[in-house]
Amino acid sequence: MEFLPLFHNLRGSRVLVVGGGEIALRKSRLLADAGAVLRVVAPQIEDQLRELVLGSGGDLMLRGYQEADLDGCVLIIAATDDEPLNAQVSSDAKRRCVPVNVVDAPALCSVIFPAIVDRSPLVIAVSSGGDAPVLARLIRAKLETWIPSTYGQLAGLAARFRAQVKGLYPDVQQRRAFWEEVFQGPIADRQLAGQGDEAERLLIEKVNGAPPYAPGEVYLVGAGPGDPDLLTFRALRLMQQADVVLYDRLVAPAILELCRRDAERVYVGKRRAEHAVPQDQINQQLVDLAKQGKRVLRLKGGDPFIFGRGGEEIEELAAHGIPFQVVPGITAASGCAAYAGIPLTHRDYAQSVRFITGHLKNGTSDLPWQDLVGPSQTLVFYMGLIGLPIICQQLILHGRAADTPAALIQQGTTSNQRVFTGTLADLPRMVAEHEVHAPTLVIVGEVVVLREKLKWFEGAQSQV
């Protein structure tokens, strides 16, 4: 290990920054965030850097560097493009045994800046020892996606009770076991779900010796249209901690694999006129499993509240007093349209968009067709593959032009995505000539013509 990672308390301490340009500004922002008092020395200093220094209560010195500038400083930063000057600053600092960082010159440094994930008071530092700073930043970016901002709030909650817990458990092993239970149980769940008051209440009960309480809970999570990269941070966290997973057929296998490995998996998918498990039985399963004290993940394709029947499920949960969380997902309309290069709205083509179920009851045309033929609107039909001929026919019969652009997207956002474009008049025939499988999405409106202009985007997202 070339560098020992340490966290330096700079609050109220003076730090010297030699340099007045963009690099000095970047370093100074970090120092100011840590509460340092800045002393900046340079013949010219950027306006933003000036404001930062004055805001910290520090000093601006519009001149060249002098060794006396190090007086009273606990950390030195050399951030100039003058290599001899940087070397001189490094030498002076080391002679005084003051930590020094020279930007992009690891050999001249006694300390280096890591890539930082800031979830204060939780802070994570990643370093390559100065050998591969870009790699360190990329790893930091991955950590940013894995660690929700609410982890900082969880750390803050623990800080408020740290002294009290230390008094209750003088043995370090006992304290470790206590906090492991807190950070892996319902207290952490509540805090990470944004229920800070409830988390604090549970922690107070735990500190006061209340018997452990492990209520069941249901997570209604939107899995998005298929690409695992479209999952939210919160969705992934809940997927990793659920004991049981109830999933439908629209959940891509790659997404299901991100669930906790040892979680029980129950398929409750539905196809047209074929329900593996009727909806009322799904509702009852959620209630029964939660009453057993289990954390139940109801994983749905797209978004739970857009043609996902999530409203029916939480209505049943609420009736039985079962706690639940709802995590929105990217609905198919947004994801599939974006990956196909079709904007749902555009100031020159459509000023509104409507989401419509294309799963027509008994094959009849019972939609409010007259409301759907107005100009300057985009129509998005979910589950419209079987009803596509009726949809197109009825729109034309009620006044939408036969040459209105239309598209059908199969398995959007996945590697199996296919896009068929045409008009209301010819799209059903085009689709019939190919073997098309659900899930599909139908988009009707002038915005479809933009696909040819934006088609490059599709190649960047999926293999079509």
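Per-chain numbering applies: the sequence of each chain, read as written, is numbered from 1 onward. Side-chain atom pairs in this predicted model are given and counted only at pLDDT of 80 or more, local residue features only at pLDDT of at least 70, and totals for whole chains, interfaces and linings cover all residues. As a convention, hydrogens and water are excluded, and side-chain values are obtained from all of the structure's heavy atoms.

(A) Inspection of the packing of helix H5 (residues 150-168) against helix H8 (residues 196-207) at higher detail. Helix axes are fitted to C-alpha atoms over the stretch in contact, other axes to C-alpha atoms as well, and angles between N-to-C directions run from 0 to 180 degrees. Numbering of helices and strands starts at the N terminus; helices are DSSP runs of H or I of at least 4 residues and strands are runs of E of at least 2. The interhelical angle for the contact between H5 and H8, taken along N-to-C directions, is 5°, at an axis separation of 11 Å. One element, H5, and the other, H8, form an angle in the roughly parallel class. Listed contacts from H8 to Leu157, Arg160, Phe161, Gln164, Val165 and Leu168 of H5 are Ala199, Glu200, Leu203, Ile204 and Val207. Gly counts as polar in this scheme, as do all residues outside two lists: the nonpolar Ala, Val, Leu, Ile, Met, Phe, Trp, Tyr, Cys and Pro, and the charged Asp, Glu, Lys and Arg. Partitioned by chemical class, the residues of the contact of H5 with H8 number eight nonpolar, one polar and two charged. Roughly parallel means an angle under 35 degrees; roughly antiparallel means over 145; roughly perpendicular covers 65 to 115; every other angle is labelled oblique. Working rule for contacts: check all heavy atoms of both residues, and any pair within 4.5 Å makes them a contact.

(B) Region of interest: the pattern of salt bridges. Salt bridges are defined as contacts in which a side-chain nitrogen from Lys or Arg sits within 4 Å of a carboxyl oxygen from Asp or Glu. Overall, the coordinates contain 22 salt bridges when judged by the stated rule. Here aspartate 71 makes a salt bridge to arginine 96, at a shortest N to O gap of 2.6 Å. Placement of the pair is aspartate 71 in the loop between strand S3 (59-61) and strand S4 (75-78) and arginine 96 in the loop between helix H3 (83-95) and strand S5 (100-102), with a sequence separation of 25 residues. Since its relative accessible area comes to 39%, aspartate 71 is described here as partly exposed. Where arginine 261 meets glutamate 257, a salt bridge forms, and the shortest distance between an N and an O atom there is 3.0 Å. For glutamate 257, a relative accessible area of 39% translates into the label partly exposed. One continuous salt-bridge network, built from bridges that share partners, spans Glu67, Asp71, Asp92, Arg95 and Arg96. Exposure classes here rest on a 1.4 Å probe applied to the protein chains alone. A residue is buried below 20% of its type maximum, exposed above 50%, and partly exposed in between.

(C) Spotlight on the domain arrangement of the protein. Domain boundaries shown here were taken from an automatic or database domain assignment. Domain boundaries in the protein define domain 1 (1-113), domain 2 (149-208), domain 3 (217-327) and domain 4 (336-454). The C-alpha centroid of domain 3 is placed 52 Å from the C-alpha centroid of domain 1.

(D) Seen up close, the nonpolar core. The criterion is simple. A nonpolar core is a set of buried Ala, Val, Leu, Ile, Met, Phe, Trp, Tyr and Cys residues joined through side-chain atoms within 4.5 Å. Core analysis: the biggest nonpolar cluster contains 20 residues, and Phe381, Leu395, Leu408 and Val444 have the highest contact counts within it. Only strand S16 (377-382), helix H14 (388-397), strand S17 (405-410), helix H15 (427-432) and strand S19 (440-444) provide two or more residues apiece to this core. Core analysis: the second largest hydrophobic core is formed by 19 residues, Val221, Ala223, Leu231 and Ile255 among them.

(E) Representation of the side chain of lysine 300 within the structure. Along the chain, lysine 300 falls in strand S13 (residues 295-300). Within 3.5 Å is the distance limit for a polar contact, defined as a pair of N or O atoms, with the added protein rule that one can donate a hydrogen and the other accept it, and that residues adjacent in sequence qualify only through two side-chain atoms. Among the polar contacts listed, one links the side chain of lysine 300 to the side chain of glutamate 313, at a separation of 3.1 Å. Filtering out sequence-adjacent residues up to four positions away, lysine 300 remains in contact with Val221, Gly222, Ala223, Gly224, Asp248, Val251, Gly308, Arg309, Gly310 and Glu313.

(F) Highlighting a nonpolar patch on the surface. A cluster of nonpolar residues, Val134, Leu135, Leu138 and Ile139, forms a patch on the protein surface that exposes about 350 Å² of accessible area. Structurally, valine 134 is set in helix H4 (residues 133-146). Of the residues examined, valine 134 reaches a relative accessible area of 49% and is grouped as partly exposed. Note on patches: the residues involved have over 30% relative accessible area and no salt bridge, like charges join within 9 Å, and the nonpolar side chains Val, Leu, Ile, Met, Phe, Trp and Tyr join within 5 Å. All accessible areas in this document rest on Shrake-Rupley with a 1.4 Å probe, and a residue is counted as covered only by the protein chains that are shown.

(G) How the structure looks around the packing of helix H11 (residues 279-291) against helix H12 (residues 310-319). Viewed as axis vectors pointing N to C, H11 and H12 meet at an angle of 45°, and their least axial separation amounts to 9 Å. Relative to H12, the element H11 is oriented oblique. Considering the relative orientation of H11 and H12, their crossing is right-handed. Contacts from Gln279, Ile282, Asn283, Gln284, Leu286 and Val287 of H11 reach H12 at Glu312, Glu313, Glu316 and Leu317. By the definition used in this description, the sense in which the near helix is turned from the far one sets the handedness, with an anticlockwise turn below a right angle giving left-handed and a clockwise turn giving right-handed.

(H) Quick look at the UniProt feature "binding site: S-adenosyl-L-methionine" (unreviewed entry) in the protein. UniProt positions are given in the numbering used here, feature names are shortened, and annotations may be inferred rather than shown by experiment. Those residues carrying the UniProt feature "binding site: S-adenosyl-L-methionine" (unreviewed entry) are Pro225, Gly301, Gly302, Asp303, Ile306, Thr331, Ala332, Met383 and Gly412 in this numbering. Judged by relative accessible area, which is 39%, methionine 383 ranks as partly exposed. Apart from the residues lying within four places of it in its own chain, the contact partners of methionine 383 are Phe307, Thr357, Gly358, His359 and Thr440. With respect to the helices, strands and loops of the structure, glycine 412 is situated in the loop between S17 and strand S18 (418-423). Contact partners of glycine 412, with chain neighbours within four places excluded, come to Pro225, Cys336 and Gln417.

(I) View of a negative patch on the surface. A contiguous patch of negative charge on the surface is contributed by Glu22, Glu46, Asp47 and Glu51. Residue classification places glutamate 51 among the exposed residues on the basis of a relative accessible area of 59%. A residue counts as positive if it is Lys or Arg and as negative if it is Asp or Glu; His and the chain ends are not included. Note that the charge is assigned to NZ on lysines, CZ on arginines, CG on aspartates and CD on glutamates.

(J) View of the environment of leucine 16. Considering the arrangement of structural elements, one finds leucine 16 in strand S1 (residues 14-18). Sequence separation of leucine 16 and aspartate 47 is 31 residues, and the distance between their C-alpha atoms is 18 Å.

(K) Structural view of the side chain of glutamine 325. The topology assignment puts glutamine 325 in strand S14 (residues 324-327). Not counting residues within four places of it along the chain, the set of residues in contact with glutamine 325 comprises Asp189, Ala193, Glu217, Val218, Tyr219, Leu220, Arg234 and Leu238.

(L) Structural context of the sheet that holds S5. One open sheet accounts for five strands, arranged S3-S2-S1-S4-S5; its pairing is parallel. The open sheet has two edge strands, S3 and S5, and neither has a second partner. Here the strands of the sheet are splayed against their neighbours by 15° on average, with no regard to which way each runs. Two elements, strand S2 (residues 37-41) and S3, share three bridges in a ladder whose sense is parallel. Two strands pair under a simple rule: DSSP has to find at least two bridges between them.

(M) Fine view of the sheet that holds S16. Read across the open sheet, the five strands follow the order S15-S16-S19-S17-S18; overall the sheet is mixed. The two strands at the open ends of the sheet, each matched to only one other strand, are strand S15 (352-357) and S18. Recorded for the sheet is a direction-independent mean angle of 20° between the axes of neighbouring strands. Note that S17 and S19 share five bridges and pair antiparallel. Across the sheet, residue alanine 407 finds its bridge partner in S19, namely isoleucine 443.

(N) Layout of the packing of aromatic side chains. Whether two aromatic rings pair depends on their centres lying within 6.5 Å, for rings of Phe, Tyr and Trp, where Trp uses its six-membered ring; planes under 30 degrees apart make the pair stacked, over 60 edge-to-face, and the rest tilted. In this structure the tally under the stated criterion is six aromatic pairs. Chaining the aromatic ring pairs together yields one cluster made of Tyr169, Phe178, Trp179 and Phe183.

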